[in-house]
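# Coordinate analysis (summary)
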Amino acid sequence: MRCAIIALVACTIFLGGWYSGNRAGRRISFGYLSRMVELTQLGNKLDYTMALIGREYVDDIAVDTLVERLMPQLMEQLDPHSVYIPAEDLQEVNEPLEGEFDGIGVVFNMATDTVIVLNVIPAGPGDKAGIRNGDRIMRIDDSLVAGRKIPQTDIVKRLRGPRGTEVKLSLARQGIGSEVEVTVERGAIPLKSIESAFMTTPETGYIKLSQFARSSTDELLAAIASLREQGMKHLIFDLRGNTGGYLDQAIAIANEFLPDGKLIVYTEDRNGNRVEEFSDGSGGSDDLDLAVLIDEASASSSEILAGALQDNDRGTIIGRRSFGKGLVQRQIPFTDGSAIRLTVARYFTPTGRSIQKPYETGDGDSYNEDIANRFLHNEFFSADSIRFADSLRFTTPAGKTVYGGGGIMPDIFVPLDTADMTRYFLEVSGRNIIYRYTIDYADRHRAELDRIETLDQLRAYLDADTSLLDDFVRYAERNGVKPDRHQIAVSRKLITAQLRAYISRNTKLESDGFYDNIHPIDNTVQRAIEFLEKR
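Small disclaimer: the values here were computed from a predicted structure and weren't measured.

### Side note on the overall build of the protein chain
Regarding its fold elements, the protein chain presents 21 helices and 21 strands. Seen along its three principal axes, the alpha-carbon backbone of the protein chain occupies a region of about 100 × 70 × 50 Å. When burial is assessed residue by residue, the protein chain has 45% of its 535 residues classed as buried. By element, 51% of the accessible surface of the protein chain is carried by carbon and sulfur atoms, the whole surface being about 27000 Å². Separation between the mean location of the 62 positive side-chain charges and that of the 79 negative ones in the protein chain comes to 4 Å.

### Describing the packing of aromatic side chains
Counting across every chain of the model gives 15 aromatic pairs. The interplanar angle of 75° and the centroid separation of 6.0 Å between the aromatic rings of Phe323 and Tyr367 together place this pair among those described as edge-to-face. Pair noted here: Phe323 is in the loop between β16 (316-319) and β17 (327-333) and Tyr367 is in helix α11 (residues 364-368), with a separation of 44 residues, a long-range link. Here the two residues Phe323 and Tyr367 agree in accessibility, since each one is buried. One cation-aromatic arrangement involves Arg160 over Phe101; the distance from NZ or CZ to the ring centre is 3.9 Å. Cation over ring: Arg505 sits above Phe514, and NZ or CZ is 3.9 Å from the ring centre.

### Regarding the sheet that holds strand β21 (residues 412-413)
Pairing is mixed in the open sheet, where six strands are placed in the order β10-β11-β12-β15-β16-β21. The open sheet terminates on both sides in strands that have one partner only, identified here as β10 (194-199) and β21. In this structure, β16 lies alongside β21, joined through two bridges in parallel fashion. Along β21, the bridge assignment pairs Ile318 with Ile412. Packed onto the sheet, helix α20 (residues 510-518) meets β10 and β11 (204-209) and runs at close to 60° relative to β10.

### Quick notes on the pairing of strand β7 (residues 166-172)
Consecutive residues of a regular strand have side chains that alternate between opposite faces of the sheet. Sheet analysis places strand β5 (residues 136-140) next to β7, joined by four bridges and oriented antiparallel. Note that in β7 the partner of Ile137 across the bridge is Leu171. Bridge analysis of β7 against strand β8 (residues 180-185) gives six bridges, and the strand direction is antiparallel. Paired with Val167 across the bridge in β8 is Val184.

### Some words on the packing of helix α8 (residues 216-229) against helix α9 (residues 247-257)
The contact between α8 and α9 brings their axes to 9 Å, and the two run at 30°. For the element pair α8 / α9, the angle class is roughly parallel. On α9, the residues touching Ser216, Thr217, Leu220, Leu221 and Ile224 of α8 are Gln249, Ala252, Ile253, Glu256 and Phe257.

### Here we look at the nonpolar core
Among the nonpolar cores identified, the biggest contains 43 residues, and Ile236, Tyr424, Val428, Phe472 and Leu499 are the most heavily contacted of them. Where this core is concerned, the elements lending two or more residues are β15 (289-294), α13 (423-430), α14 (433-444), α16 (455-464), α17 (468-478), α19 (492-504), α20 and α21 (523-533). Looking at which element gives the most residues to this core, the answer is α17, with six residues. The contact partners of Phe472, leaving out residues within four places of it in the chain, are Tyr424, Val428, Ile433, Ile434, Tyr437, Ile495 and Leu499. The next biggest cluster of nonpolar side chains, apart from the first, holds 36 residues, and it includes Met199, Phe257, Ile264 and Ala308.

### Some points on unusual backbone geometry
Of note, Asn432 is a non-glycine position whose phi angle comes to about 65°, a positive value. The topology assignment puts Asn432 in the loop between α13 and α14.

### As for the side chain of His234
You can see His234 is positioned in strand β12 (residues 234-238). By relative accessible area, which is 9% here, His234 ends up buried. Residues in contact with His234, not counting those within four places in the same chain, are Glu203, Thr204, Gly205, Asp289, Leu532 and Glu533.

### Overview of the pattern of salt bridges
Evaluated as defined, the whole model comprises 32 salt bridges. Asp311 is the salt-bridge partner of Arg353, the closest N and O atoms lying 2.5 Å from each other. You can see Arg353 sitting in the loop between β18 (339-348) and α11 and its partner Asp311 sitting in helix α10 (residues 301-311), a full 42 residues away along the chain. In this pair, the class of Arg353 matches that of Asp311, namely buried. Salt-bridge contacts for Asp471 lead to Arg444; the nearest nitrogen and oxygen are separated by 3.3 Å.

### What to know about the side chain of Ser504
Mapped onto the elements of the fold, Ser504 is located in helix α19. Within the structure, Ser504 has its side chain in polar contact with the backbone oxygen of Arg500 (distance 2.7 Å). Beyond its immediate stretch of four places on either side in the chain, Ser504 contacts Leu458, Leu462, Glu510, Gly513, Phe514 and Asn517.

### A closer look at the environment of Asp363
Of note, Asp363 is situated in the loop between β18 and α11. Once the C-alpha coordinates of Asp363 and Val117 are considered, the two residues, 246 residues apart in sequence, prove to be 42 Å apart. A distance of 2.8 Å separates polar atoms of two side chains, one belonging to Asp363 and the other to Ser366.

### Points about a negative patch on the surface
A cluster of acidic residues, Asp64, Glu68, Glu88, Asp89, Glu92 and Asp336, forms a negative patch on the protein surface. Of all elements in the fold, only α4 (63-76) and α5 (87-98) reach the threshold of two or more residues within the negative patch. By residue number, the principal contributor to the negative patch is α5, which donates three residues. Residue classification places Glu68 among the partly exposed residues on the basis of a relative accessible area of 31%.

### Overview of the confidence of the model for the protein chain
Here the protein chain averages 89 in pLDDT, and 92% of its residues register 70 or above. Here residues 1-30 is a poorly scored stretch, pLDDT under 50, and it has 14 contacts once near neighbours within four places are set aside; other chains count.

Thresholds applied
- Residues numbered from 1 in each chain as written.
- Predicted model: local features only at pLDDT ≥ 70, side-chain atom pairs only at ≥ 80, totals over all residues.
- Heavy atoms only, no water.
- Helix = DSSP H or I, 4+ residues; strand = E, 2+ residues; numbered from the N terminus.
- Buried < 20%, exposed > 50% of the residue type's maximum accessible area, 1.4 Å probe, protein only.
- Areas by Shrake-Rupley, 256 points an atom, 1.4 Å probe, with all protein chains shown as cover.
- Lys, Arg positive; Asp, Glu negative; His and termini not counted.
- Charge placed at Lys NZ, Arg CZ, Asp CG, Glu CD.
- Phe/Tyr/Trp six-rings, centres within 6.5 Å; stacked < 30°, edge-to-face > 60°.
- Lys NZ or Arg CZ within 6 Å of the ring centre and 35° of its normal.
- Pairing = 2+ DSSP bridges.
- Contact = heavy atoms within 4.5 Å.
- Axes fitted to C-alpha atoms, helices over the stretch in contact; angles between N-to-C directions.
- Parallel < 35°, antiparallel > 145°, perpendicular 65-115°, else oblique.
- Core = buried A, V, L, I, M, F, W, Y, C linked by side-chain atoms within 4.5 Å.
- Salt bridge = Lys/Arg side-chain N within 4 Å of Asp/Glu carboxyl O.
- Polar contact = N/O pair within 3.5 Å; in protein donor to acceptor, adjacent residues only side chain to side chain.
- Patch = residues over 30% accessible without salt bridge, like charges linked within 9 Å, V, L, I, M, F, W, Y side chains within 5 Å.
- pLDDT = per-residue confidence, 0-100.

See below:
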């Protein structure tokens, strides 16, 4: 104790001399030291430092602002999926998973610097106010937006708002000389996670799930019921590009396809506590022949679902190796409206696989470069380029070999197809000329497109337009891309399919029309159809 007192006195003398050699300086040092002793009682170094800055820093500084800057960096020192979400971003981050948002109910895009309405949601606020497909939004609440190159995200913010509030729009409409004025009362707009659902052949249905949202299971059950009425015996379930979402939805959807008593997934936290999820026999689709499509952008809940089906020998996984995210996050809110998503557990497939790919704590850059490295190492083109350690080998009940340690490896590998990608195609695609042409086409054929109600009508309409590609080539030339007949011939199927698909998005069929026209050149879908219908 005596030594501690001597050390404290010595420290005080040193600090007094450091501030000043006179008595006043020593008085300052005693007060400063007492505050330091008080602050050290706060606990850890971070709390201590923030309190010290708040009380002692020479200039005025908003500590809350400092914390906002510090929080993202703090989370970056953990795993790649633990993140900080500022209050102003939280609604936007959560919205896609919640199943609805408040807005006017239109699908629009920015072609060059113009807001073009592609589709109006039937019976939605925009439809009731008189907005039509093909309208150009010139002004929002008397503020000019046409010709100003305003970012699309800013347009979204101006159109959205609390339900019950109003927004005034000035519209340019084909065939009308003056602007059309409408006032729209914002309302609740459903966000669908089932992007598309239709019959690809008389017996094979196709469903594309874009994310695992709050309403995904209900949407899936409705889609399956509708396709069964149309004669579906086989199902292609497309999870490509699906980066995940709610874990409970992945479990519920897996339950729909599995018989009773099958392990779907289990999680383990830092203390080794294990939570298991089993199918309960209530699913009504365990009789369907099933192919699940995945690729390098399929992550998290997509991998839980694909892994559960693969490990239970239920269905066939087709495509390319998935992303490799096997970490579970819990969203923890703060009182100021912000939140963190903190990794709290790891999940494992029924055979015991962890499909989380390797990462170094605090090194998010290398982690994010993994997909690009896969491409450079030829993994998108050859399954033989993908190597798994023997220690990560597992066996399903039926004797199939599966691997952990870096995503779900499909049962049937389908390489990325670049054979039709010529320089001409890359130029007209990269310069957005294909999309701009389809907007122009929709303007010229708006009345006919609006009358199309079914996929059969759409196919017949597009098949009848035998000059579509030639008309596009002339349009592209007027927009600065000279035709190359050889390259156009090589890319003919690819360009034509994209033209038809984007035109179809300007009809009531939207995504169903889009994918119906893309599927003929989609090797993964074609491989799935072939596999299912030859069983």
